[in-house]
Amino acid sequence: MILKKTTLALASAMTLVSAAHAQSAAPDAVRAEVTMAPHYTLSWPAGLGPVDIYAAPAPDQSKMTLIRHDVTATSLSLASPLSGRNRAYFYLKPRKGGAGLWVSNRILPLEGVANFRDMGGYETTDHHHVRWDVFYRSAAPGGLTQADYALVDTLGIKSVTDLRTQAEQEKQPTHWQGASPAFFASEKPTLPADMTDRTHLATMGDAQARALMEGFYAKMPDYYAPELKALFARLLAHQTPTLTHCTAGKDRTGFASALILYALGVPEQTILTDYAMSGDLLRAHMTPSFKAAMADQKNGGAMAASPSMRAMLDSDPAYLKAAFDSIKKQYGSVDAYLAQKLDVGPQQLTTLRSLYLD
């Protein structure tokens with residue numbers, strides 16, 4: 001939940017992403033949003049019929065408490081039933097029987113880090129759901145405040161994958177407070193030269209910048225294969241909950257997150273919708289640490305010095321499609337890429353889905 005001093009920027013981010021969901025999510029999507037400290041707004045498909053609503057500090061049926069009985073509406077606004085900064089999870093149990101659904105706020109309301117969100121809750125093609133409180137993604141976490149850690153520490157994160165270059169890591173180091181997870185950082189010294197050439201970037205127009213971004217995404221499947229292979233090995237070893245991040249939590253993190261959702265069986269349109277959130281979140285919640293990273297010419301943030309900054313900060317689905325198109329052209333399919341390049345074949349996919357789907 002959000003502290004009462006939550007900034008207008010973050011409130012704007014929530015509004016923008018809510019609007020994006022309204023346009024792109026299926027009409028029967030289940031959502032929970034933090035609307036004002038400490039309140040939640042829940043919505044769910046009418047097809048569930050009347051529901052009983054339970055709340056819990058974790059998506060665990062053994063920890064949930066009934067808070068509303070026989071609710072016939074399809075939305076509800078309520079104050080958090082939990083004390084302190086604990087995040088609330090809600091279980092919607094149909095009165096007519098059948099499986100219930102867990103839901104929570106996807107975007108975590110943090111002051112010092114933008115684009116920090118949970119990848120749980122998404123429905124797969126065979127009607128399972130990605131478990132909440134397992135896969136987190138964000139911009140670089142170096143700006144987490146003491147108040148932010150009061151919430152982040154409750155997540156129990158066990159591993160952190162840092163996809164930034166060594167130059168980015170040195171410029172914006174992460175000094176984790178509280179119980180420290182295991183950190184796994186990329187060993188790449190810099191991004192490709194065309195992504196960091198300040199002189200060239202400063203002369204680019206929007207179309208050129210978008211072409212540059214698509215070209216970078218087309219390179220990522222092979223360029224970041226070592227980091228992604230290691231990430232999936234950790235997922236298979238159940239080193240979760242896990243956080244994946246880069247500088248903005250948009251490009252490298254966006255591609256890694258898309259592959260995780262794909263491996264779990266989430267449909268492409270849902271993956272693209274999740275990816276598209278980042279641009280709005282970054283524009284609405286520019287934290288000081290992210291601004292500093294974007295302005296530094298020694299790392300990938302140099303791109304932000306150009307007039308084409310909007311294209312660079314955008315999360316246009318065409319970018320992510322460029323990565324998948326590159327995979328299909330070179331490997332024939334995403335499944336073949338996962339198996340051949342990342343050692344995630346049919347057996348590993350079965351294991352991942354048994355671990356991380358409800």
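Because the structure is predicted, anything quoted here is derived from the model rather than measured. (Residues numbered from 1 in each chain as written. Predicted model: local features only at pLDDT ≥ 70, side-chain atom pairs only at ≥ 80, totals over all residues. Heavy atoms only, no water.)

A.B. asks: Please clarify how the environment of valine 266 should be interpreted in this entry.
C.D. replies: Relative to the elements of secondary structure, valine 266 occurs in the loop between α7 (252-263) and α8 (268-284). In sequence terms valine 266 and tyrosine 122 are 144 residues apart; their C-alpha atoms lie 6.9 Å from each other. If near-sequence neighbours (up to four positions away) are discounted, valine 266 is found in contact with Tyr122, Glu123, Thr124, Val130, Leu261 and Ile271. (Helix = DSSP H or I, 4+ residues; strand = E, 2+ residues; numbered from the N terminus. Contact = heavy atoms within 4.5 Å.)

A.B. asks: How should I be thinking about unusual backbone geometry in this particular structure?
C.D. replies: With glycine set apart, most residues show a phi of negative sign, and most peptide bonds adopt trans. Residue threonine 240 is joined to proline 241 through a cis peptide bond whose omega torsion reads 5 degrees. In this fold, proline 241 is placed in the loop between α6 (225-236) and β12 (242-245). The residue aspartate 133 is not glycine, and still its phi comes out positive at about 65 degrees. Note that aspartate 133 resides in the loop between β8 (117-118) and β9 (135-138).

A.B. asks: Any chance you could explain the sheet that holds strand β3 (residues 51-56) here in plain terms?
C.D. replies: Hydrogen bonds between backbone groups are what pair the strands of a sheet, and the pairing can be parallel or antiparallel. Spatially, the four strands line up as an open sheet ordered β4-β3-β6-β7, and their pairing is antiparallel. Strands with a single pairing partner mark the edges of an open sheet, and in this sheet they are β4 (65-71) and β7 (101-103). Averaged over all pairs of adjacent strands, the angle between strand axes in this sheet comes to 20 degrees, irrespective of strand direction. Pairing geometry for strand β6 (residues 89-94) and β7, over three bridges, is antiparallel. Paired with tyrosine 91 across the two strands is tryptophan 102, which belongs to β7. (Pairing = 2+ DSSP bridges. Axes fitted to C-alpha atoms, helices over the stretch in contact; angles between N-to-C directions.)

A.B. asks: It is not clear to me how the pairing of β12 should be interpreted in this structure. Could you clarify?
C.D. replies: Looking along a regular strand, one sees the side chains alternate between the two faces of the sheet. Across the two faces of β12 the burial is the same, with Thr242 and Thr244 and Leu243 and His245 all buried. Bridge count for β9 against β12 is four bridges, and the pairing is parallel. Residue pairing across strands places tyrosine 136 opposite leucine 243, the latter belonging to β12. Looking at chain direction, strand β10 (residues 159-162) and β12 are connected through four bridges and run parallel. What sits directly across from serine 159, in β12, is threonine 242. (Buried < 20%, exposed > 50% of the residue type's maximum accessible area, 1.4 Å probe, protein only.)

A.B. asks: What exactly am I supposed to notice about the packing of aromatic side chains here?
C.D. replies: Between two aromatic rings, the relevant description is the distance of the centres plus the angle of the planes. Overall, the coordinates contain 14 aromatic pairs when judged by the stated rule. With a centroid separation of 6.4 Å and an interplanar angle of 85 degrees, the aromatic rings of phenylalanine 216 and tyrosine 217 are classed as edge-to-face. In this structure, arginine 106 is placed above the aromatic ring of tyrosine 122, and the distance from its NZ or CZ to the ring centre is 3.9 Å. Sitting over the face of the ring of tyrosine 223, lysine 188 holds its NZ or CZ atom 4.9 Å from the ring centroid. (Phe/Tyr/Trp six-rings, centres within 6.5 Å; stacked < 30°, edge-to-face > 60°. Lys NZ or Arg CZ within 6 Å of the ring centre and 35° of its normal.)

A.B. asks: Where do I start with the confidence of the model for the protein in this structure?
C.D. replies: Across the protein, the average pLDDT comes to 85, with 84% of residues at 70 or higher. Counted against residues more than four places away or in other chains, residues 1-27, with its pLDDT under 50, gives 38 contacts. (pLDDT = per-residue confidence, 0-100.)

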